Amino acid sequence: MSIALKQVFNKDKTFRPKRKFEPGTQRFELHKRAQASLNSGVDLKAAVQLPSGEDQNDWVAVHVVDFFNRINLIYGTICEFCTERTCPVMSGGPKYEYRWQDDLKYKKPTALPAPQYMNLLMDWIEVQINNEDIFPTCVGVPFPKNFLQICKKILCRLFRVFVHVYIHHFDRVIVMGAEAHVNTCYKHFYYFVTEMNLIDRKELEPLKEMTSRMCH
C-alpha cells in the first residue's frame, strides 16, 4: 500500500461513523469469518458463498453493512474532487443518469448533483442499517419479511457509487495509489451480489465491459 493511500485510509475518511457489530453476537462471528476469509487471500468467489448451516439473512446483513462502510470510505477518498461544478448530475458517463427518490422529501425521481445524491444516499442507508426493525442486533429478533427486498435496493444504489467513481474519478483513485484496493472491493461486491442474486443484471450494465475483464 502506498504512503499516500495509507494516509487516506488511516484517517478513516468516511462521511459518517462506521456501523459495527456487537462482539459476542452471531453477526459479529459471521463478520469475523467473512473478514478472515478475505484477509487469508481466499478466492473471492468462494468467500462470498453462504457458509453451511448459516442463515441467509444474517449473511446478507453482515455484507450490506460491510459494503456500506467500505464504499463510504472509497467515496470519501475522492469526494473533494466530486463537486457540483465537476459533477452537476449524478451519472455514469453520458448513457446513465441516476435520479434520487426516497418517498420523503423527494417523492419523484429528481436529478441532483453527484455530491448531493451521495450524501442523501449514505444518509438513507445509514438510517436503515441502524433501524432495529430492519437490521435487528438482538439474538432471536427476526428480520422483517421484506428484508431481502430492502437489501436489494441498498446494494443497487451502492453499485451506483462504483459506477460514478470508476467512470468519473478513477484518475484520482490511481493518483492516490488506491486502484488495487478499489478493484478488490468491487470484485468482492460483484461476486457477492451475483452469487446471492441481489442485483438485477440490467443495473450492472454501466460497468459490464470492465467487469468482464476483472471478474472472470
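Residues numbered from 1 in each chain as written. Predicted model: local features only at pLDDT ≥ 70, side-chain atom pairs only at ≥ 80, totals over all residues. Heavy atoms only, no water.

Per UniProt, the chain carries the name MOB kinase activator 3B and comes from Bos taurus. As recorded by UniProt, the Function comment attached to the chain reads in full: "Modulates LATS1 expression in the Hippo signaling pathway which plays a pivotal role in organ size control and tumor suppression by restricting proliferation and promoting apoptosis." Per UniProt, the chain carries the Sequence similarities text "Belongs to the MOB1/phocein family." (UniProt positions renumbered as here; feature names shortened; annotations may be inferred.)

### Thoughts on the side chain of glutamate 203
Looking at the element boundaries, glutamate 203 is found in the loop between helix H8 (179-195) and helix H9 (208-214). Overall, glutamate 203 belongs to the buried group, its relative accessible area being 18%. Each residue touching glutamate 203, except ones within four places of it in the same chain, is listed here: Cys156, Phe159 and Arg160. (Helix = DSSP H or I, 4+ residues; strand = E, 2+ residues; numbered from the N terminus. Buried < 20%, exposed > 50% of the residue type's maximum accessible area, 1.4 Å probe, protein only. Contact = heavy atoms within 4.5 Å.)

### Looking at the pattern of salt bridges
In the structure shown here, the tally under the stated rule is five salt bridges. A salt bridge links aspartate 66 to arginine 70; the nearest nitrogen and oxygen atoms lie 2.8 Å apart. Taken as a pair, aspartate 66 and arginine 70 lie in helix H4 (residues 56-78) at a separation of four residues, close to a single helical turn. For aspartate 66, a relative accessible area of 9% puts it in the buried group. Relative accessible area serves as the criterion here: at 22%, arginine 70 is assigned to the partly exposed category. (Salt bridge = Lys/Arg side-chain N within 4 Å of Asp/Glu carboxyl O.)

### Quick notes on H4
Its 23 residues give H4 an end-to-end C-alpha distance of 33 Å, which sits within 8% of 33 Å, the value for a rise of 1.5 Å per residue. Among the 23 residues that make up H4, 21 are buried, leaving the element largely enclosed by the rest of the structure. Backbone nitrogen of asparagine 57 and a side-chain oxygen of the N-cap are separated by 3.1 Å at the start of H4; the cap is aspartate 55. (Expected span 1.5 Å × (residues − 1). Polar contact = N/O pair within 3.5 Å; in protein donor to acceptor, adjacent residues only side chain to side chain.)

### Notes on the packing of helix H6 (residues 147-168) against H8
Two numbers describe how H6 lies on H8: the axes approach to 12 Å, and their chain directions differ by 150°. Viewed along their axes, H6 and H8 form a crossing whose handedness is left-handed. Touching Leu155, Leu158, Phe159, Phe162 and Tyr166 of H6 are Val182, Asn183, Cys185, Tyr186, Phe189 and Val193, all from H8. Per-class residue counts for the contact of H6 with H8 are 10 nonpolar, one polar and no charged. (Axes fitted to C-alpha atoms, helices over the stretch in contact; angles between N-to-C directions. Left-handed = near helix turned anticlockwise from the far one by under 90°. Nonpolar A, V, L, I, M, F, W, Y, C, P; charged D, E, K, R; others polar.)

### Topic: the nonpolar core
Core analysis: the biggest nonpolar cluster contains 63 residues, and Phe135, Phe162, Tyr166, Tyr186, Phe189 and Phe192 have the highest contact counts within it. Residue assignment for this core shows that the elements contributing at least two residues are H4, helix H5 (114-129), H6, helix H7 (170-175), H8 and H9. Residue contributions to this core peak at 12 residues, all from H6. Excluding residues that lie within four positions of it along the chain, phenylalanine 189 makes contacts with Phe67, Ile71, Leu155, Leu158, Phe159, Phe162 and Ile199. (Core = buried A, V, L, I, M, F, W, Y, C linked by side-chain atoms within 4.5 Å.)

### Thoughts on the environment of isoleucine 125
Along the chain, the position of isoleucine 125 falls in helix H5. For the pair formed by isoleucine 125 and lysine 153, sequence separation is 28 residues and the distance between their alpha carbons is 9.6 Å. Among all residues touching isoleucine 125, those that are not within four sequence positions of it are Phe68, Ile154 and Leu158.

### Some thoughts on the UniProt feature "binding site: Zn(2+)" in the chain
As annotated by UniProt and renumbered to match this structure, "binding site: Zn(2+)" occupies Cys82, Cys87, His164 and His169. A stretch of 88 residues holds the annotated residues, and the largest C-alpha distance among them is 10.0 Å, short enough that they meet in one place. Counting through the fold element by element, cysteine 82 comes out in the loop between H4 and H5. In this structure cysteine 82 comes out as buried when scored by relative accessible area, which is 3%. Structurally, the position occupied by histidine 164 is in helix H6. Discounting chain neighbours no more than four positions away, the residues touching histidine 164 are Cys82, Cys87, Met90, Ser91, Ala114, Met118 and His169.

### Examining the side chain of histidine 169
Assignment of secondary structure puts histidine 169 in the loop between H6 and H7. On the basis of relative accessibility, which here comes to 4%, the residue histidine 169 falls in the buried class. A polar atom in the side chain of histidine 169 sits 3.1 Å from the side chain of histidine 164. Sequence-distant contacts of histidine 169, defined by excluding residues within four places in its chain, comprise Ile78, Phe81, Cys82, Cys87 and His164.

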